[in-house]
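# Results of the structural survey
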Amino acid sequence: MLQIWDVNWYLDEALCPCDVHLIEWLEAEGVRGSTVFHFGTGGHHVLGLSNMEKGAPNTILGITASPKEFDDFVKFAIEKPTLSRDYQVLFGDIYLLNARMLPRIDVASLFHLCEFRGDSQDAYGGLTDRQVIETLLTVMPVGGRVLLYTGSFAYPDAARIADALVAEGVLAEAGTFKTLRVLTKN
């Protein structure tokens, strides 16, 4: 059976500010005309809604394993029809990503990397967390950026994967922004 997240994450910036920091980073960096892959939309869908309110400077593809968060996306899309022009959400397990089904990705926010991988994914051939990054990198141009959330309880594990990819020359450090670590594809 598919591993799902049976919770609807509402925006609590004091507890988990990563989506707000991503919005601020995109603005500070002047990111426009890019495709953003966003792991873990939250029921608030603040990234997609903010993008729409700013005139959709980017195209965003989110993924959630929460049926409740996906249902909230559908409600927002019905209420705000233009939302879905530049913000779409996949329902599914990120550990089943297939690069052939993904668009070119310029920015990948992997804030929840290493938080959800469990034994259940082994039963249906799920990717490892490193393979998730590697899959996204196959559709990312050189200079594309990967962002990690340093406040995640699983950040030490995600950092080990990122550090290995940096040591191998696949990624390079590109700085930090508030709670975000930014890496660039070589």
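Residues numbered from 1 in each chain as written. Predicted model: local features only at pLDDT ≥ 70, side-chain atom pairs only at ≥ 80, totals over all residues. Heavy atoms only, no water.

## What to know about helix α6 (residues 129-137)
Within the span of α6, buried status applies to D129, V132, I133, T135, L136 and L137. Contacts from the buried residues of α6 go to β1 (35-39), β4 (107-109), β5 (145-149), α7 (155-167), β6 (171-177) and β7 (180-185). (Buried < 20%, exposed > 50% of the residue type's maximum accessible area, 1.4 Å probe, protein only. Helix = DSSP H or I, 4+ residues; strand = E, 2+ residues; numbered from the N terminus. Contact = heavy atoms within 4.5 Å.)

## Focus on the side chain of H38
Tracing the backbone through its elements, the reader meets H38 in strand β1. Given a relative accessible area of 1%, H38 falls into the buried group. Within the structure, the side chain of H38 is placed 2.6 Å from the side chain of S109, a separation counted as a polar contact. (Polar contact = N/O pair within 3.5 Å; in protein donor to acceptor, adjacent residues only side chain to side chain.)

## Structural notes on the packing of aromatic side chains
Taken as a whole and assessed by the stated rule, the structure comprises five aromatic pairs. Ring geometry for F111 versus Y149: centroids 6.4 Å apart, planes at 65°, classification edge-to-face. One end of the pair, F111, is in the loop between β4 and α5 (119-123); the other, Y149, is in strand β5, and 38 residues separate them in sequence. No difference in accessibility class separates F111 from Y149, as the two residues are buried. Positioned over the ring face of Y95 is R117, at 5.6 Å from the centre of the ring. (Phe/Tyr/Trp six-rings, centres within 6.5 Å; stacked < 30°, edge-to-face > 60°. Lys NZ or Arg CZ within 6 Å of the ring centre and 35° of its normal.)

## Topic: helix α1 (residues 18-29)
A rise of 1.5 Å per residue sets the reference length of α1, with its 12 residues, at 16 Å; its end C-alpha atoms lie 16 Å apart and thus fit the reference within 8%. Once α1 finishes, G30 follows within two positions and takes phi at roughly 70°, a positive value. (Expected span 1.5 Å × (residues − 1).)

## What to know about the packing of α6 against α7
Where α6 contacts α7, the two axes come as close as 10 Å, and the packing angle between them is 50°. One element, α6, and the other, α7, form an angle in the oblique class. Crossing angle aside, the handedness with which α6 passes α7 is right-handed. Residue-level inspection shows D129, R130, I133 and E134 of α6 in contact with α7, the latter providing I161, A164 and L165. Tallied by class, the residues present in the contact of α6 with α7 amount to four nonpolar, no polar and three charged. (Axes fitted to C-alpha atoms, helices over the stretch in contact; angles between N-to-C directions. Parallel < 35°, antiparallel > 145°, perpendicular 65-115°, else oblique. Left-handed = near helix turned anticlockwise from the far one by under 90°. Nonpolar A, V, L, I, M, F, W, Y, C, P; charged D, E, K, R; others polar.)

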